[in-house]
There are 2 protein chains.
Amino acid sequence: MEDSRATSPSDGARAEAAGADLHLELSATRGRNDLVQALHESIRTGRLVAGTRLPSSRSLAKDLGIARNTVADAYGQLVAEGWLTARQGSGTVVANRAAVPTTPAAARPLEKTYRYDLRPGTPDVATFPRTEWLAATRKALTMAPNEAFGLGDPRGRPELRQVLADYLARARGVRADPERILICSGYVQALSLLGEIVKTLGGTTMAVEEFGYGLHRDVIRARGLSPVAVPVDSLGACTSELTGEGVLLTPAHQMPTGVPLAPERRTAAIEWARETGGVLIEDDYDGEFRYDRQAVGALQALDPERVVYTGTASKSLAPGLRLAWMVLPEHLVEPVVAAKRTSDYQTATIEQLVLAEFIASGHYDRHVRRSRLHYRRRRDRLVELLSVRAPNVQVAGISAGLHVLLDVPGDAEDMVARAARQGLALASLTTYHFNPTPATRQAVIVGYGTPPDHAYPGALDLLCQVLGV
Amino acid sequence: MEDSRATSPSDGARAEAAGADLHLELSATRGRNDLVQALHESIRTGRLVAGTRLPSSRSLAKDLGIARNTVADAYGQLVAEGWLTARQGSGTVVANRAAVPTTPAAARPLEKTYRYDLRPGTPDVATFPRTEWLAATRKALTMAPNEAFGLGDPRGRPELRQVLADYLARARGVRADPERILICSGYVQALSLLGEIVKTLGGTTMAVEEFGYGLHRDVIRARGLSPVAVPVDSLGACTSELTGEGVLLTPAHQMPTGVPLAPERRTAAIEWARETGGVLIEDDYDGEFRYDRQAVGALQALDPERVVYTGTASKSLAPGLRLAWMVLPEHLVEPVVAAKRTSDYQTATIEQLVLAEFIASGHYDRHVRRSRLHYRRRRDRLVELLSVRAPNVQVAGISAGLHVLLDVPGDAEDMVARAARQGLALASLTTYHFNPTPATRQAVIVGYGTPPDHAYPGALDLLCQVLGV
């Protein structure tokens, strides 16, 4: 045995025997578990290679000054786990196994860190109501029946479905029945489950607005459907061009162009669903945040048997909660429940109870009102500053949500690149386009939800510098 | 309809429709629960056989004089439980009993209420450490960086992945690297994502142990793969019969027969994966609970590049948490991350931070140790009582987990039915079999995790009465 192999000779116990020559790191207790671990380690690190014959339990016990049974037990354990092989007549041998694995592919490029981030899609997570959420958790954990910790209805906890039905009817005009609500693990899952249904029903495509999240198109593709683009103009999605077996719309506030779906197009969308039997999905991602007037009610209310309403806590509270909900037409309840069951069975129950408590206690409404005021002020400030310092920029869309679309003179991608060089993250409309061409509208999307309060003035100042030239 | 089928004509409501001709026992309230129970009973007793088409919810509602929603809800519940199948174009059909999934006891809140429930699959949710969980939540909510409330790495929070890597190495001998861990929304999602990968890689089948959860086979089917049965004997899965592009095993404690995978079969499973390049999934659902000796370490440690290790908090803490984890071979990290991203993007972050805190603070180990003692006592008591009062029953499998398999003389289904009549819920091995035949081993599975402490003696007494005859 070479001295260099002994990493800590003072603690090490040396065992030389007929079979192998072993250096084992054993703690002072020298129990069975120590021996198992030490042998594990020696095999793992390659110090003991496949085929090596180990000393007999008698001789190793003698060398280590421990009981023979202890060694026999440890060998037995390692044989059971497949590290060692016990062969009649030839003793205990290190089993044939894989080479020591290389350490991970951890080398992922870290994303560039910006001084200011005005990309859309996220609320101000710094305002997450931690204290109130903890209070609601305390109450939920105290009040929860034992069965809430088990598996239950794939639709989700009845407490939350009841509270949400009331809330959605009151706040968004949704015709909601708790029995038709399914709680899911974020909007991505809602879309994934509905895509699965469309596919199962024999569909091959799902129509999406030409501007939208690439992630959502990826979700549709992952379910085996082809996303198809529907043009968007100043009245929202062009409903005369709806097609396929499923359609995904953002009627209250087109993401990201910021226009609401015009009344006649709302009716046309419903007509399409009635005539074709297609699945019409209403993505009401930020319906709580309209600043100039009461938000347009949910499209779903026009025909609850034809529209799947989807909402989320991602904008109103935090995306990390992964809590979203669907209100389903009757004929889709069974298939969506079946798809949920084989996707993740049900969404985590404790957080559902916490959200139910959070809504029922009025915390949710208070947080939404507070956030609405907060975002409205941010938006007003942005629009005001731009009108003075970048008057060549046109603000598009309604006063709502967590982002604004700015039509810019010149090349939007260039502006985004210029902003990035100065430490400001922005998004161009192009990156939201289904199939961008040089003719795509030149616009920049500014999300004002993300920066913490202290950083907002600096972010706006830099934005005006970049856009004002 | 024959009169003889109506067991209680005076209470019965008759429904005749295009699909099936139904006679259902409904109580005066005629609520959804009554309907679920009545349908359940009709299917269980064989009055409604597999393939029978049920009336549409509209016509059954009319016949019974109840709301259509009530019928649709009841159908939805039974579809979720696997008793019925909803097929587009052919309505709702009684499912093939072989494929009836056995969901854990708690997943059936609306089912017949038993005095005692000894069905397997669920831990004692009454022991969920609410106070400690709340304390961990307080700490997690206080310490969490703001970005934890946003969207992040689809693999999950780094805090939890780090803590889990340490825990899994220490407690289960897993060769775990935080970069290769993916946190998912329960084990069902782990299997669903892996099924998706196997399918994407061009696979068509996934092999499962012939005894196991119907739910898991349904998950595999939902991903477009055909499950294929691998025989199980007293040494565990017969690894000489592994086949297809993916294999799902329960090496530490075969579910539900209770045997560990024999050492030479562990090696053979690894060999299969190396030779075929197939995805080998290790479902380590209850590895924490071995009572007679230290648990056999994870199969994954034999070749981390060939085995996907999966673990869950469902048995050690509570199924309702929907927290599970995968330790992935390097070549599967990217595809599984991509599949996770388009399924639900990431698992809810706050609960991940809470679990990380719960493990790091030592609460998890304490809870597992406490639970291990608790379940061990329950198991010992059960085995002891049976040896005296039902000596004709053979206890199979190792001393581990939350259930025990009992080989019984005579027909196991009859015993389960007799127990049910006396208010005791049990499961027969048949219901876990991939494709049960009259030759299927006659055995009853007793889950001792579920009943609250005060109910356990009564449950055991009744069990001995039923099995001891």
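Model, not experiment: these values are computed from the prediction. Within each chain, residue numbers correspond to sequence positions counted from 1 in written order. Chains carry letters from A onward and ligands carry numbers from 1 onward, assigned in written order. Local features in a predicted model are, by the rule used here, given only for residues with pLDDT of at least 70; side-chain atom pairs are given and counted only at 80 or more, and totals for whole chains, interfaces and linings are based on all residues. Hydrogens are left out, water is left out, and the side-chain values use all remaining heavy atoms of the structure.

Time to look at unusual backbone geometry. For the bond running from Met-255 of chain A to Pro-256 of chain A, omega is 10°, close enough to zero to count as cis. A run of H or I in DSSP counts as a helix once it spans at least four residues, and a run of E counts as a strand once it spans at least two, with each numbered from the N terminus. By secondary structure assignment, the location of Pro-256 of chain A is in the loop between strand S11 (246-249) and helix H8 (263-276). Non-glycine residue Tyr-345 of chain A carries a positive phi angle of around 65°. In this fold, Tyr-345 of chain A is placed in the loop between helix H9 (330-341) and helix H10 (349-360). Its identity is not glycine, yet Arg-322 of chain B carries a phi of approximately 50°, on the positive side. Buried means the residue's accessible area, taken with a 1.4 Å probe over protein chains only, is under 20% of the maximum for its type, while exposed means over 50%, and partly exposed covers the values in between. Taking relative accessible area as the criterion, Arg-322 of chain B reaches 4% and is therefore assigned buried.

Contacts were defined at the residue level, with two residues in contact if any of their heavy atoms lie within 4.5 Å. Facing 84 residues of chain B, the contacting portion of chain A comprises 75 residues. A buried area of about 6700 Å², summed over both sides, lies between chain B and chain A, and 54% of it is on carbon and sulfur atoms. We define a salt bridge as a side-chain nitrogen of Lys or Arg found within 4 Å of a carboxyl oxygen belonging to Asp or Glu. Two residues, Arg-223 of chain B and Glu-196 of chain A, come together in a salt bridge whose shortest N-O distance is 3.0 Å. Pairs of N or O atoms are called polar contacts if they sit within 3.5 Å, as long as, within protein, a hydrogen donor faces a hydrogen acceptor (for residues adjacent in sequence, only side-chain-to-side-chain pairs). Counting across the chain B and chain A interface gives 25 residue pairs in polar contact (both at pLDDT 80 or more). Those elements that provide at least two residues to the side of chain B that touches chain A are helix H3 (68-80), helix H4 (130-143), helix H6 (187-200), helix H7 (214-222), helix H8 (263-276), helix H9 (330-341) and helix H10 (349-360) of chain B. Residue contributions to the side of chain B that touches chain A peak at nine residues, all from H3 of chain B. Grouping the constituent residues of the side of chain B that touches chain A by class yields 38 nonpolar, 23 polar and 23 charged. The term buried area refers to how much accessible surface (probe radius 1.4 Å) is lost by two components on association, counted for both of them together. Any residue that is not Ala, Val, Leu, Ile, Met, Phe, Trp, Tyr, Cys, Pro, Asp, Glu, Lys or Arg is counted as polar, Gly included; the first ten are nonpolar and the last four charged.

So, on to the packing of aromatic side chains. Here a ring pair, both rings aromatic, is described through the centre-centre distance and the interplanar angle of the planes. Ring pairs shown here join Phe, Tyr and Trp side chains whose ring centres sit within 6.5 Å, with only the six-membered ring taken for Trp; geometry is labelled stacked below 30 degrees between planes, edge-to-face above 60, and tilted in between. Applying the stated criterion across every chain, the model contains 12 aromatic pairs over all chains. With a centroid separation of 5.2 Å and an interplanar angle of 55°, the aromatic rings of Trp-133 of chain B and Phe-358 of chain B are classed as tilted. Placement of Trp-133 of chain B in helix H4 and of Phe-358 of chain B in helix H10 is noted, with a sequence separation of 225 residues between them. There is no split in this pair, since Trp-133 of chain B and Phe-358 of chain B are both buried. Measuring from centroid to centroid gives 5.3 Å for Phe-289 of chain B and Tyr-375 of chain B, while their planes differ by 85°, and the two rings are edge-to-face. In this pair, Phe-289 of chain B sits in the loop between strand S12 (279-283) and strand S13 (307-312) while Tyr-375 of chain B sits in helix H11 (residues 363-389), placing the two residues 86 residues apart along the sequence. Note on Phe-289 of chain B: relative accessible area 1%, which makes it buried. Under the relative-accessibility criterion, Tyr-375 of chain B is labelled buried at 2%. Ring pairs connect the aromatic residues Phe-128, Trp-133 and Phe-358 of chain A together with Phe-149 of chain B, which therefore count as one cluster. Sitting over the face of the ring of Tyr-456 of chain A, Arg-378 of chain A holds its NZ or CZ atom 4.6 Å from the ring centroid. Here, a charge over a ring is recorded when the distance from Lys NZ or Arg CZ to the ring centre is within 6 Å and its angle to the ring normal is within 35 degrees.

The subject of this paragraph is the sheet that holds strand S8 (residues 226-230) of chain B. Working definition: the strands of a sheet are paired by backbone hydrogen bonds and lie parallel or antiparallel to each other. Residues and elements named next belong to chain B. The pairing criterion is simple: DSSP has to find at least two bridges between the two strands. What the seven strands build is an open sheet, ordered S6-S14-S13-S12-S11-S7-S8; its pairing is mixed. In this open sheet, the two strands that pair with only one neighbour each are strand S6 (181-184) and S8. Within this sheet the neighbouring strands show an average axis-to-axis angle of 25°, counted without direction. One ladder, built from four bridges, connects S13 with strand S14 (residues 324-327); its direction is antiparallel. Pairing of Thr-312 across the sheet is with Ala-324, part of S14. Axis geometry follows a simple rule: fit a line to the C-alpha atoms, using only the stretch in contact for helices, then measure angles between N-to-C directions, giving values from 0 to 180 degrees.

This part covers the sheet that holds strand S14 (residues 324-327) of chain A. Residues and elements named next belong to chain A. In spatial order, the strands read S6-S14-S13-S12-S11-S7-S8; together these seven strands make up an open sheet with mixed pairing. Unpaired on one side and paired on the other, strand S6 (181-184) and strand S8 (226-230) mark the two borders of the sheet. The sheet shows a mean angle of 25° between the axes of neighbouring strands, taken without regard to direction. Along the sheet, helix H6 (residues 187-200) makes contact with S6, strand S7 (205-209), S11, strand S12 (279-283), strand S13 (307-312) and S14, crossing S12 at roughly 175°.

Once that is clear, we can look at the pattern of salt bridges. Opposite charge on two side chains allows them to pair when their charged atoms are near. Scanning the entire structure with this criterion turns up 50 salt bridges over all chains. Note that Asp-124 of chain A is salt-bridged to Arg-378 of chain A, the shortest N-O span being 3.7 Å. Note that Asp-124 of chain A is positioned in the loop between strand S5 (116-117) and helix H4 (130-143) and Arg-378 of chain A in helix H11 (residues 363-389), a separation of 254 residues in sequence. Within this structure, Asp-153, Arg-155, Arg-161 and Glu-179 of chain A together with Asp-73 of chain B form a network of salt bridges that share partners.

Turning next to the domain arrangement of chain A. All names here are of chain A. What the domain assignment reports for chain A is domain 1 (12-94), domain 2 (116-120 + 366-467) and domain 3 (130-363). When each unit is reduced to the centre of its C-alpha atoms, the spacing between domain 2 and domain 3 is 26 Å. In this complex, domain 2 contributes 27 residues to the contact, which on the side of domain 3 involves 34 residues. Between domain 2 and domain 3, a total of about 2600 Å² is buried, with carbon and sulfur atoms accounting for 61% of that surface. Together, Ile-398, Tyr-432 and Phe-434 form the three largest contributors to the area buried by domain 2 at its contact with domain 3, with a combined 28%. The interface formed by domain 2 and domain 3 includes zero salt bridges. Contributing elements (two or more residues each) for the side of domain 2 that touches domain 3: H11 and strand S16 (403-407). Broken down by element, the side of domain 2 that touches domain 3 gets its largest block of residues, nine residues, from H11. Of the residues that constitute the side of domain 2 that touches domain 3, the class distribution is 12 nonpolar, nine polar and six charged. Domain boundaries shown here were taken from an automatic or database domain assignment.

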